[in-house]
2 protein chains.
Amino acid sequence: MDKLLVGLTFAGAVLALIFALFTARKVIKFPEGTDLMKKISGSIRKGANAYLKRQYKIVLIFFAVMFVILSIMAFADLLTPYVPFAFITGGFFSALSGFIGMKIATLANARTANACRQGLNRGLRVAFSAGSVMGFTVVGLGLLDISVWFFLLKFVFMLSNEAITSAMLTFGMGASSMALFARVGGGIFTKAADVGADLVGKVEAGIPEDDPRNPAVIADNVGDNVGDVAGMGADLYESYVGSIISACALGVAALHTLEAMALPLILSAVGVICSIFGTFLVRTKEGASQKQLLGALSRGTNFAAIVIAIVSLPLVYFVLGEQNWTIYFAILAGLVAGVLIGQSTEYFTSDSYKPTKNLAATSETGTATIIIGGLSVGMLSTLLPIIIVAICVLIAYFVSGGAESAPMGLYGISLAAVGMLSTLGITLATDAYGPVADNAGGIAEMAGLEKEVRERTDALDSLGNTTAATGKGFAIGSAALTALALMASYIDKVNTIPGGAEKIANLSITNPTVLTGLFVGACLPFVFAALTMNSVGRAAQSVVKEVRRQFKEIVGLMNGQVDPDYASCVDLCTKSSLREMILPTVVAVAVPIVVGIILGCTGVVGMLAGATASGFLMAIFMSNSGGAWDNAKKYIESGVHGGKGSENHKAAVVGDTVGDPFKDTSGPAINILIKLLSMVSIVFAAVVVHFSIL
Amino acid sequence: MDKLLVGLTFAGAVLALIFALFTARKVIKFPEGTDLMKKISGSIRKGANAYLKRQYKIVLIFFAVMFVILSIMAFADLLTPYVPFAFITGGFFSALSGFIGMKIATLANARTANACRQGLNRGLRVAFSAGSVMGFTVVGLGLLDISVWFFLLKFVFMLSNEAITSAMLTFGMGASSMALFARVGGGIFTKAADVGADLVGKVEAGIPEDDPRNPAVIADNVGDNVGDVAGMGADLYESYVGSIISACALGVAALHTLEAMALPLILSAVGVICSIFGTFLVRTKEGASQKQLLGALSRGTNFAAIVIAIVSLPLVYFVLGEQNWTIYFAILAGLVAGVLIGQSTEYFTSDSYKPTKNLAATSETGTATIIIGGLSVGMLSTLLPIIIVAICVLIAYFVSGGAESAPMGLYGISLAAVGMLSTLGITLATDAYGPVADNAGGIAEMAGLEKEVRERTDALDSLGNTTAATGKGFAIGSAALTALALMASYIDKVNTIPGGAEKIANLSITNPTVLTGLFVGACLPFVFAALTMNSVGRAAQSVVKEVRRQFKEIVGLMNGQVDPDYASCVDLCTKSSLREMILPTVVAVAVPIVVGIILGCTGVVGMLAGATASGFLMAIFMSNSGGAWDNAKKYIESGVHGGKGSENHKAAVVGDTVGDPFKDTSGPAINILIKLLSMVSIVFAAVVVHFSIL
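Everything numeric here is computed off the predicted structure, so don't read it as measured data.

**Student:** Can you tell me about the overall build of chain A, naming the residues and giving the values?
**Tutor:** Looking only at helices and strands, one finds 20 helices and zero strands in chain A. Relative to its length of 694 residues, chain A is compact, with a C-alpha radius of gyration of 24 Å against a globular reference of 26 Å. Dimensions of chain A, computed from C-alpha atoms along their principal axes, come out at roughly 75 × 50 × 45 Å. Counting over 694 residues, chain A shows a buried share of 69%.

Shown next, in the form of structure tokens:
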């Protein structure tokens, strides 16, 4: 069984990676278009590469310091000796996921623009293929990491199942730290460049979006790649791996069998196959309408989800046996919950529905009302997802036999998260193709391609917004479930540490350490959102100044005779975003240790619960407010409420600008934060048990 | 002992009320000024009266329905027969507190303006006296309500201590429901009128603030009275009474003695005396500077706080005896925490400090950046208060002996809240005088008084903003502590219900009902904020339309020949705010019952913890964002960053408009919400125990 298991997971990993490689070669075969397009795409690629190289240098220092700290702890017997190495691998693969995703995205942007010259369908195929490379790289590397480590720990170092899962949780911490760096750094870069380009270029100089005369235009397009692509890749690698290993750990804790640990791995491997088949369904006839395109994408993701839902039933029955097969419904609940949260997101942020339509109407009474309106849309939109997650948690817990055995119930909750993410290969593909299409639009504009090309890339981009909503549903929903699962893993972990059991015995919510931990934890997403928003603000201000300077000092820029100094803007964004990304990440790593030392293990559990609840709410609030503003603006641009250029439109642009850091920096970063807090807590559990004050 | 106790509390109540009456007569003796001033003040008074009358009519229906429901429950033996009556009294006194406060405020506004004609100090004396009437009415009626009920239940119906506190908690629910109606209704009224007056009058028609040609100007001034005064009165009555009775209940649960129940009552009665002495210190020599005025106010509140801090020590020793005297430090912790939260509020919202100064500077890069900046100031400002409250909770719990006996620890937490609010008489006076000064400024403007009068009322008003920050610290801090105390009372209550103990046995934070309850509870403040902000938006839109209509249709309005139709704006605000106030309140009452029926008692506890944590954060975030925007605007108006009328100023005005519903409607309402949820949970505990599903 155990060898079969490693083999199957490894096979899933290899399959995903081969499929990614195969798809990447297909993408590269498409021509890049005119020389100008090649040049622009080259600049973007160069900027993105330069950013990532410098980001990795800084991250390397962080990882080196952490490696030393963890090694010292391992020498002091507070950790097993595998931990520092697992930590490093997690970070490495997370970074690699982002890097490969970014690489293919920057190779595909001009190709997508060029393909759009021939037709919408052709453009879709290039962009979606690029997204698929990213999706399958993430799941492939995730499963590879897990299976190699499992092989080493089981067959080389001959560890027990408990020790294996315990060590494997550590590379989750590596992956989460890397993901937070990537999301925060990339998020700040992309929004600083975006705000800088828009504020000076569009508003002050009055030139259109993506105009080649704008000094920040390359930085803006680089930002899409390093933020939305590389950041998202690292982020979802972390979600994927985190959900699987926490399910493995809770499975071992509940049933003490290899089978319990095997289930999430097998499920994920099977999910890879379903996803690959799903991608083959994403094709449409030439001249397809927007609706048909969306249908093609949905067909792929729905197919994968339905097949995994059906296949899981015999799978669970076969792996866990007759006694525990009802845990299947936990997986099903997770899958359904992911879809429903996505639909709720779409309802609140798409201009096909009332909330965003009404929001666009508030622009009639000015900027203040559209800001208030957008904030309240976001706040109100937290209700449905929280009810969906609550029901999902209850179902997952009770169908898994939680009423008789709490560990079984917690295992069920973690499997719901695995179920939600099992088809990540294809859901991420539909999510990641958006930024590629966005970039293609930029290149079409800068290279002065025909108007219809831009229209086609815009159609792809707006389609991407809809599919991204579903993707976000999976990301946020799985983050909450995984964070809860990790909280349970933390408690298990503390119980295995000598002296830990008594320190974590009283987890009653009326215990003042739990309660104060809860308060502090609930506060963290607020503080984190504030820090990241401030960072975007500061970075954007520096870009604004530089762009203004170039417009003023470079003679002949405005009439197109002289090129602006794109590189200096890219460089500026790189510098400021890297400087700004350090504090939030260090805070996220330090807080669980500090809280643990002061409030003890029970305080940490309270903190994790508080951070998960308020983080889930803040992430949804900020993402959906941002999404609603974005689409309200686009809705007005479609010609209602005065259309483009009207006072109402200006009000909507302010809303969109406020929404930018909401939805692309702070919101997604909070998603990672809540898991990183748990991961750090788990790794440093022994320190807290030994040195806590209360 | 018991008769002495009732006597002392009753004496405290009578003393406070007599002092309020005496002060009110002093206020009325001041002359109202010119005929025009009398007329304007009369219009405001009439509008406020009309609003309150109609509000009470609607509230009456709610109370009648609840009375019937509670009576049926009492007949079904789910409640004691005193509950419906206690519920009604709580509501009645809460409404009365608001009504009297509003009455004196509308009598004092013209008198303050008139007194300012003679000097700043004279103006301060009138306004502060009016605030004192409100402060001492609130505490007087609170203690009266408590002592009369105590007398009836103890000596007429001969109930046990446990039964007494249980019945008394019910009038907390009445008070909270009334307070929520008053805060939400008044908050919507005042902001709808404010936004309507500013948006059309100031921005579109270009006439100054408080210009008599603005049709919404009277409604705006009525709003200050029904929102900031009547709403605040009902709100703080509820806080005051809630903190005392929850401390009584937890005292009985911890020590089973009358003394334990007596302590919060005696403390509050002594607090009345300290507060009265404090008010005598609020006087300054003529021609005093702004700083000296602030010094005079601070002298009063500091004196009261220091004396109560000193006197409490022998008091606690005398009442509780040698064994439990260390609980004194819980009271002290509460007092100190209140002051510190106030200082943190001041730091984040006053233009003397960096956050608001920096916020004003973000106006240089436009509206979007000042909005993002204000949101992040508010979010960041949650950190210090949450740490202060966390430390206060831990100190209060452990100095009271919580490590050995959890009930003692919880009693300590509730006493911290009582300590924080013990000098409410004077802190509320310094808080409530602000709206009076604000109104006086409006009257000075409308009556065309000398420029220096308006300058003086502005000085008083701006002083009021600073003292209001401290007041808010007490209100928010005590709300969190009281909500925690009420959560403990809820658990006690369930344990006394047959079959309840087993239903609430597993309060572990990993219990899925606790956890899902926590998620749902944490979501409520977000939803509540969204509902109330939307209400303000809708009400404001209707006012905007009406004001536009009048400017268009009434000939001779703009050149001052014809008066606008003030009454129709007041009427419109009344109608729309009353319509909008119903849903949020009904939601707040229904949710704990629905959650209880589905998730059971453990789910309710989770919900209360989640709502308290996230409600505390949201209340601080929204209040402080709003405060920072308001003061950033005022700071710019003082001449920096381009000063009044500049583009930067316009951006700051948008920030201020967004902040209005934040700080004056949603934020304060959330404060009441978290306590109302607990109160409803306690009253309906038996229903949940009998009929819950999980």
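**Student:** Can you explain the packing of helix 2 (residues 35-75) of chain B against helix 6 (residues 217-255) of chain B? Please cite residues and give values.
**Tutor:** Residues and elements named next belong to chain B. Direction vectors running N to C along helix 2 and helix 6 enclose 55°, while the axes themselves pass 9 Å from each other. Comparing their axes, helix 6 and helix 2 come out oblique. For the pair helix 2 and helix 6, the crossing hand works out as right-handed. Residues Ile40, Ser43, Ile44, Gly47, Ala48, Tyr51 and Leu52 of helix 2 form the contact with helix 6, whose own contacting residues are Ile218, Asn221, Val222, Asn225, Val226 and Ala230. Of the residues belonging to the contact of helix 2 with helix 6, the class tally is nine nonpolar, four polar and no charged.

**Student:** Describe in detail the relation of the copies chain A and chain B, supporting the description with residues and values.
**Tutor:** Expressed as a screw transformation, the operator carrying chain A onto chain B has a rotation angle of 180° and an axial translation of 0.0 Å, and the superposed copies differ by an RMSD of 0.0 Å. Each copy turns onto its partner about a two-fold axis. Scanning chain A for the C-alpha nearest the rotation axis identifies Ser508(A), at a separation of 2.1 Å. With an isologous cut-off of 70% or more, the 100% of interface residues of chain A that recur at the interface of chain B puts this contact in the isologous class.

**Student:** Account for the nonpolar core, naming residues and giving values.
**Tutor:** Grouped together as the largest cluster of nonpolar side chains are 542 residues, with contacts concentrated most on Tyr490(A) and Tyr490(B). Those residues within four positions of Tyr490(A) in sequence are excluded, and the remaining contacts are Ile504(A), Cys601(A), Val604(A), Val605(A), Leu608(A), Ser681(A), Ile682(A), Ala685(A) and Val688(A).

**Student:** Break down the pattern of salt bridges for me, citing the residues and quoting the values.
**Tutor:** Considering all chains together, one arrives at 46 salt bridges over all chains under this definition. A network of salt bridges, in which partner residues are shared, links Lys191(A), Asp194(A), Asp630(A), Lys634(A), Asp660(A), Lys663(A) and Asp664(A).

**Student:** With reference to specific residues and values, describe helix 2 of chain B.
**Tutor:** Over its 41 residues, helix 2 of chain B extends 58 Å from the first C-alpha to the last, a length consistent with the 60 Å expected when each residue adds 1.5 Å. One or two positions beyond helix 2 of chain B, positive phi appears at Asp77(B), with a value near 65°.

**Student:** Lay out the interface of chain A and chain B with the relevant residues and their values.
**Tutor:** Chain A puts 61 residues into the contact, and the matching count from chain B is 61 residues. For the pair chain A and chain B, the summed buried area comes to about 5700 Å², and 88% of that belongs to carbon and sulfur atoms. On the surface where chain A and chain B come into contact, there are zero salt bridges. Joining chain A to chain B, the criterion identifies six residue pairs in polar contact (both at pLDDT 80 or more). Elements represented by at least two residues in the side of chain A that touches chain B include exactly helix 11 (367-380), helix 12 (383-399), helix 15 (451-496), helix 17 (512-553), helix 18 (566-637) and helix 19 (647-683) of chain A. Considering every element that reaches the side of chain A that touches chain B, the biggest residue donor is helix 17 of chain A, with 18 residues. For the side of chain A that touches chain B, a count of residues per class yields 48 nonpolar, 13 polar and no charged.

**Student:** Outline the packing of aromatic side chains, supporting the account with residue identities and numerical values.
**Tutor:** With the rule as written, the count across this model stands at 40 aromatic pairs over all chains. Ring geometry for Phe526(A) versus Phe621(B): centroids 6.1 Å apart, planes at 65°, classification edge-to-face. You can see Phe526(A) sitting in helix 17 and its partner Phe621(B) sitting in helix 18 (residues 566-637), one on each of two chains. Accessibility expressed as a relative area gives 0% for Phe526(A), which makes it buried. A centroid spacing of 5.5 Å and a plane angle of 80° characterise the contact between Phe67(B) and Phe85(B), whose relative ring orientation is edge-to-face. Here Phe67(B) is found in helix 2, whereas its partner Phe85(B) is found in helix 3 (residues 83-118), with 18 residues between them in sequence. Judged by its relative accessible area of 25%, Phe67(B) falls in the partly exposed class. Linked through ring pairs, Phe62(A), Phe63(A), Phe87(A) and Phe181(A) together constitute an aromatic cluster.

**Student:** Hey, could you go over the environment of Gly342(B) for me, with residue numbers and the actual values?
**Tutor:** Residues and elements named next belong to chain B. Along the polypeptide, glycine 342 turns up in helix 9 (residues 328-349). Owing to a relative accessible area of 2%, glycine 342 belongs among the buried residues under this scheme. The sequence separation of glycine 342 and leucine 486 amounts to 144 residues, and the corresponding C-alpha distance is 23 Å. Those residues within four positions of glycine 342 in sequence are excluded, and the remaining contacts are Ala469, Thr470 and Gly473.

**Student:** Describe the packing of helix 2 of chain B against helix 5 (residues 161-205) of chain B, listing the residues and the values that go with them.
**Tutor:** A pair of packed helices is captured by two measures, namely the crossing angle of their axes and the spacing between those axes. Residue and element names in this part refer to chain B. For the pair helix 2 and helix 5, interaxial distance at closest approach is 11 Å and the crossing angle is 145°. Remark: the crossing between helix 2 and helix 5 carries right-handed chirality. Residues Tyr51, Gln55, Tyr56, Val59, Phe62, Phe63 and Met66 of helix 2 form the contact with helix 5, whose own contacting residues are Met173, Gly174, Ser177, Met178, Phe181, Ala182, Gly185, Gly186 and Phe189. Partitioning the contact of helix 2 with helix 5 into residue classes produces eleven nonpolar, five polar and no charged.

**Student:** Which residues make up a positive patch on the surface, and what are the values?
**Tutor:** Residue and element names in this part refer to chain A. Taken together, the side chains of Lys26, Arg122, Arg125 and Arg283 make up a positively charged region of the molecular surface. Counting through the fold element by element, arginine 122 comes out in helix 4 (residues 120-156). Residue arginine 122 is classed as partly exposed on the basis of its relative accessible area of 30%.

**Student:** So what's going on with the confidence of the model for chain A? Which residues, and what values?
**Tutor:** For chain A, per-residue confidence averages 89 on the pLDDT scale, and residues scoring 70 or more make up 99% of the total. Two numbers describe this predicted complex: its pTM, 0.94, and its ipTM, 0.93.

**Student:** Give a description of the side chain of Ser422(A) that names residues and reports values.
**Tutor:** Mapped onto the fold, Ser422(A) is located in the loop between helix 13 (406-421) and helix 14 (424-446). The class for Ser422(A) is buried, based on a relative accessible area of 2%.

**Student:** Account for a nonpolar patch on the surface, naming residues and giving values.
**Tutor:** Residue and element names in this part refer to chain A. There is a patch of nonpolar side chains on the surface, built from Phe10, Val148, Phe151, Leu152, Val156 and Phe157 and spanning about 500 Å² of accessible area. Looking at the nonpolar patch, the element that brings in the most residues is helix 4, giving four residues. For leucine 152, the position within the fold is in helix 4.

**Student:** Let's hear about the environment of Lys57(B): which residues, and what values?
**Tutor:** Of note, Lys57(B) is situated in helix 2. Separated by 556 residues in the primary sequence, Lys57(B) and Ala613(B) place their C-alpha atoms 34 Å from one another.

**Student:** Explain the side chain of Asp660(A) to me, and be specific about the residues and the numbers.
**Tutor:** With respect to the element layout, Asp660(A) can be found in helix 19. Sequence-distant contacts of Asp660(A), that is, excluding residues within four places in its chain, are made with Lys191(A), Asp194(A) and Thr665(A).

What counts as what
- Residues numbered from 1 in each chain as written.
- Chains lettered and ligands numbered in written order.
- Predicted model: local features only at pLDDT ≥ 70, side-chain atom pairs only at ≥ 80, totals over all residues.
- Heavy atoms only, no water.
- Helix = DSSP H or I, 4+ residues; strand = E, 2+ residues; numbered from the N terminus.
- Rg over C-alpha atoms; globule rule 2.2 N^0.38 Å.
- Buried < 20%, exposed > 50% of the residue type's maximum accessible area, 1.4 Å probe, protein only.
- Axes fitted to C-alpha atoms, helices over the stretch in contact; angles between N-to-C directions.
- Parallel < 35°, antiparallel > 145°, perpendicular 65-115°, else oblique.
- Left-handed = near helix turned anticlockwise from the far one by under 90°.
- Contact = heavy atoms within 4.5 Å.
- Nonpolar A, V, L, I, M, F, W, Y, C, P; charged D, E, K, R; others polar.
- Least-squares fit on C-alpha atoms with pLDDT ≥ 70 in both.
- Core = buried A, V, L, I, M, F, W, Y, C linked by side-chain atoms within 4.5 Å.
- Salt bridge = Lys/Arg side-chain N within 4 Å of Asp/Glu carboxyl O.
- Expected span 1.5 Å × (residues − 1).
- Buried area = accessible area lost by both parts, 1.4 Å probe.
- Polar contact = N/O pair within 3.5 Å; in protein donor to acceptor, adjacent residues only side chain to side chain.
- Phe/Tyr/Trp six-rings, centres within 6.5 Å; stacked < 30°, edge-to-face > 60°.
- Patch = residues over 30% accessible without salt bridge, like charges linked within 9 Å, V, L, I, M, F, W, Y side chains within 5 Å.
- Areas by Shrake-Rupley, 256 points an atom, 1.4 Å probe, with all protein chains shown as cover.
- Lys, Arg positive; Asp, Glu negative; His and termini not counted.
- Charge placed at Lys NZ, Arg CZ, Asp CG, Glu CD.
- pLDDT = per-residue confidence, 0-100.

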